[in-house]
Amino acid sequence: MIKNISNLGDAALYCDFGTEVNRQTNSEVIKYFNTIKEKNIEGINNLTPSYNKLIISYDLRVTNFKEIKDKIEKLNVDEVLKTANKNLEIPVCCEASFALDIERLEKKLNLTKEKIIEKFFNKEFFCYMTGFIAGMPFLGDLNENMRAQRLETPRVKVPKGSVGITEQFANIYTFESPGGWNIIGNTPLEVFDSSKEKDPNLINPGDTVRFKQITLEEYKNYND
Amino acid sequence: MINNYFETIRAGINTTFQDVGRNNLYHIGIPFSGAMDNRNYLLANRLVGNKLDLPVIEFAYQGPLLKYKGEKITIAVAGDVIFKIRKKDNEIEGNCYESYQLENGDEIDILSTNKSVYGYLAISGEFNLKLQWGSCSINTKANIGSNDGKKLDTGQIINLKKINSNKDIKKINYINTKIENIRIMRGTNFDYFLIFYHR
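Residues numbered from 1 in each chain as written. Chains lettered and ligands numbered in written order. Predicted model: local features only at pLDDT ≥ 70, side-chain atom pairs only at ≥ 80, totals over all residues. Heavy atoms only, no water.

1. With respect to the interface of chain B and chain A
Turning to step 1, where the next piece is worked out: The partner chain A presents 27 residues to the 20 residues of chain B that form the contact.
Turning to step 2, where the next piece is worked out: In total, chain B and chain A occlude about 1800 Å² of area from one another, counting both sides; carbon and sulfur atoms represent 54% of this.
Turning to step 3, where the next piece is worked out: The largest share of the area that chain B buries against chain A comes from H27(B), I28(B) and W133(B), three residues that together contribute 32% of it.
Turning to step 4, where the next piece is worked out: For the pair chain B and chain A, the interface holds 0 salt bridges.
Turning to step 5, where the next piece is worked out: Linking chain B with chain A are 9 residue pairs in polar contact (both at pLDDT 80 or more), by the criterion used here.
Turning to step 6, where the next piece is worked out: Taken together, the residues that form the side of chain B that touches chain A break down as 10 nonpolar, 8 polar and 2 charged. (Contact = heavy atoms within 4.5 Å. Buried area = accessible area lost by both parts, 1.4 Å probe. Salt bridge = Lys/Arg side-chain N within 4 Å of Asp/Glu carboxyl O. Polar contact = N/O pair within 3.5 Å; in protein donor to acceptor, adjacent residues only side chain to side chain. Nonpolar A, V, L, I, M, F, W, Y, C, P; charged D, E, K, R; others polar.)

Now the structure itself:
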């Protein structure tokens, strides 16, 4: 449930679902996000869901804080939604030239490379949110013994398709971008496709994801 | 039909097509996009008699040097910008917020912005652009928008799909807003840093 609604600047509502980062709280955020999206409320021009907050931006020429707050408070989020969550499998190659930080991680986590890879591929992940760069999914939750801090000095360029871990999350760099996650592999899959305007994201909040290890050969032939 | 186009002899530092942008995509990591300086974007379109939501060329610091080929067209620059128009036998020092006519072979050389980062070039017509989510706005980080989501390059052709017959020359007396006070609203974490300050 929303614990508090306040303003964020003059044209957005800040819905606070708490401070915990877990699936239960995030599922509440996603439920509100999907319901508001489906209701198509006049004046709302952007929704930004995160782990435990939802920002609702609106056009001041059309509506105002009080009006939107009122509508959100009266919203019935338990109606059955059409939105179906997907179970996805993402191929990842952990060959040395892709696994940029695996040696660093061995030291940080005090685990062997084989153990890190085994634990990573045996995990089912849940997509909390997407963003930072278009389509980048934030996937949780890694086991306690797999949680590492970001790189002390972020990379200026993380290659497109890189799969990284930080704290309880895994993610996929949908574009070449600066970034500080610990990179353990690379996927040949297009996780974001802007030519599909209706559904450019392969992975959406609420989806579950499993990674599947592939060889360099399979990686190279993947898009043939 | 005559092919009307600009050729970029120099692309400039960060030259892109922009319009009002796109909404409702924050949740997948795509921001509003659109012109950085909305007021100057609207003024540029108004000065050439366009609908206000048409795409314009946005540039930062150093703008493009463009050679025009085609039928007569009206152009205008908005912002605080130093630019020149080179015609066959003379060179004109351009003034912002004033429209000019370009003829076949003329060049517009946008040298630099002055007390602002961004400036806008509008034409009395429409660039031939591919839209994404209803907007031409180029987002170079995610390669979204016209020109394959990339900033303009030197030596490329910008085709026009339409020229408006409007040949009126317009001029407005306008000074780029001088902001002395920035008004803010308290955000959710307004007091967050006060706690540390008082410690």
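Picking up where we left off.
2. Section: the sheet that holds strand β1 (residues 4-7) of chain A
All names here are of chain A.
Turning to step 1, where the next piece is worked out: Strand order in the open sheet formed by 4 strands is β1-β2-β4-β3, and the pairing between neighbours is antiparallel. A strand with exactly one partner marks an edge of an open sheet, and here the two such strands are β1 and β3 (44-49). With strand direction ignored, the average angle separating the axes of adjacent strands in the sheet is 20°.
Turning to step 2, where the next piece is worked out: Note: β3 against strand β4 (residues 53-58), 5 bridges, orientation antiparallel. Each bridged residue has a counterpart across the sheet, and for I44 the counterpart in β4 is Y58.
Turning to step 3, where the next piece is worked out: Together, β1, β2 (12-16), β3 and β4 form the strand contacts of helix α2 (residues 65-73), whose direction differs from that of β1 by roughly 165°. (Pairing = 2+ DSSP bridges. Helix = DSSP H or I, 4+ residues; strand = E, 2+ residues; numbered from the N terminus. Axes fitted to C-alpha atoms, helices over the stretch in contact; angles between N-to-C directions.)

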